[in-house]
Amino acid sequence: MSAQDMLVERINNLCKEKRLSYYALAYKAAVPMTTLMHIIDKSTANPGVLTIGKLCDGFGITLKEFFDTPEYKRLEQELK
């Protein structure tokens, strides 16, 4: 699974967990809906850390919590 796929999957899982639609997440995160949709449809290859940070704010979590998953830990080990 690519890092981009992992990012989309993580956003989708958190939306389900927090019971947020994409629209609600974009609103709470103060991120334009088009920006979020470009991340979801993978037309944005590398969203910035500030954008991911804003999405985390919308979810009510930290960046550390966002990336603290087994998938990201495996990716980190593969990069070493």
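Here, the structure is the one placed above.
Residues numbered from 1 in each chain as written. Predicted model: local features only at pLDDT ≥ 70, side-chain atom pairs only at ≥ 80, totals over all residues. Heavy atoms only, no water.

Q: Sorry if this is basic, but what is going on with the environment of V31 here?
A: Relative to the elements of secondary structure, V31 occurs in the loop between α2 (22-29) and α3 (33-40). Sequence spacing of V31 and V8 is 23 residues, and the spatial spacing of their C-alpha atoms is 15 Å. Not counting the four nearest positions on each side in its chain, V31 is found in contact with A26, L36, T51, K54 and L55. (Helix = DSSP H or I, 4+ residues; strand = E, 2+ residues; numbered from the N terminus. Contact = heavy atoms within 4.5 Å.)

Q: Got a minute to help me understand the pattern of salt bridges in this structure?
A: Any two side chains of opposite charge can pair, on the condition that their charged atoms come close. Applying the stated criterion to the full structure yields 2 salt bridges. A salt bridge links D5 to K42; the shortest N-O distance between them is 2.5 Å. Here K42 lies in the loop between α3 and α4 (49-59) and D5 lies in helix α1 (residues 3-18), a separation of 37 residues in the sequence. A salt bridge links D68 to K73, with the nearest nitrogen and oxygen atoms 3.0 Å apart. Judged by relative accessible area, D68 falls into the partly exposed class, the value being 40%. Accessibility expressed as a relative area gives 44% for K73, which makes it partly exposed. (Salt bridge = Lys/Arg side-chain N within 4 Å of Asp/Glu carboxyl O. Buried < 20%, exposed > 50% of the residue type's maximum accessible area, 1.4 Å probe, protein only.)

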